[in-house]
Amino acid sequence: MHKRFMSIWFRNLKTDWFIRRKPACRDMAFVLAVPDHGRLIVTSLNILAEEKGIYIGMTVADARAIIPSLQVFDDEPGLASKLLKRFAEWFIRYSPIVAIDCPDGLLLDITGCTHLWGGEKEYLKDISKRLEKFGYFIGVAIADTIGTAWAIARFGKSVSIVESTQQATALLQLPPASLRLETDVVERLDKLGLLQIKYFINMPRSALRRRFGKEILKRLDQALGYEDEFIQPVIPTEPYTERLPCLEPIVTSTGIVIALERVLNSLCNRLQQEEKGLRCAVFRCYRIDGKTQTIDIGTNRPSSNPKHLIKLFENKIETIEPALGIELFTLEAPKVEDLSPVQGKMWSDGGGLGSTKLAELLDRIEGKFGPGHIHRYLPDEHYWPERSYKKATSINDKPETPWKVDRPRPIQLLAKPELIEVTAPVPDYPPMSFRYKGKLHKIIKAD
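Residues numbered from 1 in each chain as written. Predicted model: local features only at pLDDT ≥ 70, side-chain atom pairs only at ≥ 80, totals over all residues. Heavy atoms only, no water.

(A) A look at the pairing of strand β16 (residues 433-436). With 4 bridges joining them, strand β15 (residues 420-423) and β16 adopt antiparallel strand pairing. When the sheet's bridge partners are listed, T423 is paired in β16 with S433. Where β16 meets strand β17 (residues 439-442), 4 bridges bridge the pair, whose relative direction is antiparallel. What sits directly across from S433, in β17, is K442. The turn linking β16 back onto β17 is made up of 2 residues, and K437 within it adopts a positive phi angle of 55°. (Pairing = 2+ DSSP bridges. Helix = DSSP H or I, 4+ residues; strand = E, 2+ residues; numbered from the N terminus.)

So this is what it looks like as structure tokens:
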């Protein structure tokens with residue numbers, strides 16, 4: 001399967017977000033600015049300001065000379081990164097691998113995802129339609145490589161799909177800046193009249209390296225697919241994850257249960273084939289309004305039994321609020337351990353700590369009352385009764401020493417030790433009296 005990537009470019013990320021907060025700014029030219037050495041410098045602008053000749057890096061005084069009615073607002077440091085991170089988390093519904101492409105874009109690995117929307121065309125159309133509905137002007141493209149998708153999104157058509165293995169043809173008419181080159185390299189190419197990639201794509205590599213450095217060869221190879229390029233997802237993907245997109249938003253508890261059963265059965269089938277079992281699982285529901293509902297479970301032993309695991313989720317499904325609807329379900333198993341099949345014994349009663357039924361019973365009790373209500377203790381080497389045992393970390397822990405049964409244990413242990421003053425005629429003799437909490441007690445007999 002060919003790798004397929006999507007690049008999304010937000011043309012006016014911060015100003016579009018600003019308009020969402022203040023709709024009255026939609027019909028006026030405005031900029032965002034920051035102070036710099038006693039001057040205000042434009043850092044972002046809307047389309048109306050751009051059409052009248054304002055550009056990023058211009059001083060506000062010069063901009064107001066062009067547009068006297070220009071509105072100026074303070075820019076918030078780090079705003080673009082915050083917005084891109086929120087968008088990246090929201091785009092998990094379209095692909096499990098989403099990365100931030102600073103300062104104004106996102107990168108998605110969409111390999112194997114588009115068929116759920118009926119193909120790349122419908123997939124891209126759905127994304128474009130929803131972002132435009134939110135009020136964001138975007139450029140978006142799909143290609144075999146990150147470099148080509150990035151180039152077409154910013155320098156090609158606003159919405160474009162590059163057919164598989166056709167990235168070289170798609171790049172020919174684009175300017176050198178579309179290869180993500182350094183500014184000085186782009187300026188040198190422009191001075192030489194190499195205004196499009198087609199003018200130098202077939203030049204000898206030694207000549208390009210000698211004149212423009214190694215970076216131009218690296219970017220060409222990445223865009224053409226000769227050199228691999230990887231993205232760092234905002235949310236690392238778990239090796240054991242199942243996804244279930246929904247054609248129609250789910251708003252009922254019955255629909256949520258059906259979705260959970262489907263992803264759980266798929267995950268358990270995979271775990272059984274690999275002889276593994278999960279120790280914890282996280283079920284996420286992505287709502288239309290962008291919010292995420294999450295529930296999780298844990299087990300005392302590795303388990304790949306879907307009937308048992310669905311019972312652990314049952315007590316928590318009621319806490320999920322679908323609101324306007326849930327459009328994506330995911331089930332992750334962040335902790336997985338080996339689970340080899342065990343040969344059953346015909347004449348065994350199946351009891352003891354090794355019993356699977358006991359482990360599942362403990363799981364259900366903890367799922368109902370919460371963790372921390374069930375404890376198991378093992379013997380420990382110590383003379384003090386309150387230190388002669390320790391808490392086990394797992395039901396599978398084995399005791400390192402046997403329980404001491406040669407002496408009787410105290411019937412009751414105080415939560416806090418109390419001081420007792422003892423008087424004896426001779427050391428190691430039975431005491432004559434003792435003082436406890438300020439009260440003197442005489443001893444009549446001692447054993």
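(B) Just the nonpolar core, in detail. Counting 36 residues, the largest nonpolar core has M6, I8, F10, F91 and L108 as its most contacted members. Those elements that place two or more of their residues in this core are β1 (5-10), α1 (13-21), β2 (30-36), α4 (79-90), β6 (105-109), α5 (120-134) and β7 (138-143). Of all the elements, α4 adds the most residues to this core, at 7 residues. If near-sequence neighbours (up to four positions away) are discounted, F91 is found in contact with I8, V98, L106, L108, I127 and L131. Of all hydrophobic cores here, the second largest spans 26 residues; its members include L244, L278, C285 and I320. (Core = buried A, V, L, I, M, F, W, Y, C linked by side-chain atoms within 4.5 Å. Buried < 20%, exposed > 50% of the residue type's maximum accessible area, 1.4 Å probe, protein only. Contact = heavy atoms within 4.5 Å.)

(C) Main features of the confidence of the model for the protein chain. Looking at the protein chain as a whole, the pLDDT averages 89, with 96% of positions reaching at least 70. Taking the mean pLDDT of every element in the protein chain, the minimum, 79, falls on helix α13 (residues 356-369) and the maximum, 96, on β1. (pLDDT = per-residue confidence, 0-100.)

(D) Spotlight on the environment of Y377. Within the element layout of this structure, Y377 appears in strand β13 (residues 377-379). Considering only alpha carbons, one finds Y377 and K390, 13 residues apart in sequence, at a separation of 5.5 Å. Those residues within four positions of Y377 in sequence are excluded, and the remaining contacts are Y389, K390, K391, A392 and W403.

(E) Summary view of α1. A large share of α1 lies buried, amounting to 7 of its 9 residues. Listing the buried residues of α1 in full gives L13, K14, T15, D16, W17, F18 and I19. Close packing links the buried residues of α1 with β1, β2, β3 (39-45), β4 (71-74) and α4.

(F) Representation of the packing of aromatic side chains. Within this structure, the stated rule accounts for 17 aromatic pairs. Taking the centre distance of 5.8 Å and the plane angle of 75° together, the rings of F30 and F73 count as edge-to-face. Of this pair, F30 sits in strand β2 while F73 sits in strand β4; the two residues are 43 residues apart in sequence, bridging distant segments of the chain. Residue F30 is classed as buried on the basis of its relative accessible area, which comes to 0%. Arranged with centres 5.1 Å apart and planes meeting at 80°, the rings of W117 and Y123 form a pair that is edge-to-face. Judged by relative accessible area, W117 falls into the partly exposed class, the value being 23%. In textbook terms, an aromatic cluster arises when at least three aromatic residues are bridged by ring pairs, as seen for W90, F91, Y94, W117, Y123 and F134. (Phe/Tyr/Trp six-rings, centres within 6.5 Å; stacked < 30°, edge-to-face > 60°.)

(G) Representation of the packing of helix α11 (residues 253-273) against helix α12 (residues 306-317) within the structure. Put simply, α11 and α12 touch, their axes get as near as 10 Å, and they point 145° apart. Read as a crossing pair, α11 and α12 show a hand that is right-handed. Facing I256, V257, L260, E261, L264, N265, C268 and Q272 of α11, the residues of α12 in contact are P306, L309, I310, F313 and I317. Among the residues making up the contact of α11 with α12, the classes are represented as 10 nonpolar, 2 polar and 1 charged. (Axes fitted to C-alpha atoms, helices over the stretch in contact; angles between N-to-C directions. Left-handed = near helix turned anticlockwise from the far one by under 90°. Nonpolar A, V, L, I, M, F, W, Y, C, P; charged D, E, K, R; others polar.)

(H) The sheet that holds β6, seen in detail. Taken in spatial order, the 5 strands make up an open sheet running β5-β6-β1-β7-β8, and their pairing is mixed. Looking at which strands have only one partner, the edges of the open sheet turn out to be β5 (97-101) and β8 (159-161). Put simply, the sheet's adjacent strands are angled 15° from each other on average, direction ignored. Of the pairings in the sheet, the one linking β5 to β6 comprises 5 bridges and is antiparallel in character. Residue pairing in the sheet places I100 in a bridge with L106 of β6.

(I) Molecular detail of the state of the cysteines. Per the stated rule, a full pass over the model turns up 0 disulfides. In this structure C113 is not part of a disulfide, and its nearest cysteine sulfur, from C246, lies 15 Å away. For C285, which is in no disulfide, the shortest distance to another cysteine sulfur is to C246 and amounts to 9.1 Å. On the basis of relative accessibility, which here comes to 0%, the residue C285 falls in the buried class. (Disulfide = S-S within 2.5 Å.)

(J) A look at the sheet that holds strand β10 (residues 276-287). The strand order across the open sheet built from 4 strands is β9-β12-β10-β11, with neighbouring strands paired in antiparallel fashion. Two strands lie at the open edges of the sheet, namely β9 (241-250) and β11 (292-303), each paired on one side alone. Each strand axis lies, on average, 15° off the axis of its neighbour in the sheet, ignoring direction. Note: β10 against strand β12 (residues 326-338), 10 bridges, orientation antiparallel. Within β12, the position partnered with R287 by the bridge is I326. The sheet strands contacting α11 are β9, β10, β11 and β12, and the helix crosses β9 at an angle near 160°.

(K) Structural detail: a positive patch on the surface. Residues K121, K125, K129 and K133 make up a contiguous surface patch of positive charge. As for its placement among the helices and strands, K125 is situated in helix α5. What makes K125 exposed here is its relative accessible area of 52%. (Patch = residues over 30% accessible without salt bridge, like charges linked within 9 Å, V, L, I, M, F, W, Y side chains within 5 Å. Areas by Shrake-Rupley, 256 points an atom, 1.4 Å probe, with all protein chains shown as cover. Salt bridge = Lys/Arg side-chain N within 4 Å of Asp/Glu carboxyl O. Lys, Arg positive; Asp, Glu negative; His and termini not counted. Charge placed at Lys NZ, Arg CZ, Asp CG, Glu CD.)

(L) Local environment of the pattern of salt bridges. Considering all chains together, one arrives at 21 salt bridges under this definition. A salt bridge links R4 to E120; the shortest N-O distance between them is 2.8 Å. Of the two residues, R4 sits in the segment before β1 while E120 sits in helix α5, which places them 116 residues apart along the sequence. With a closest N to O distance of 3.9 Å, K390 and E400 form a salt bridge. Highlighted residues: K390 in strand β14 (residues 389-391) and E400 in the loop between β14 and β15, separated in sequence by 10 residues. Judged by its relative accessible area of 72%, E400 is exposed. Because the salt bridges share partners, they merge into one network encompassing R4, E120 and D144.

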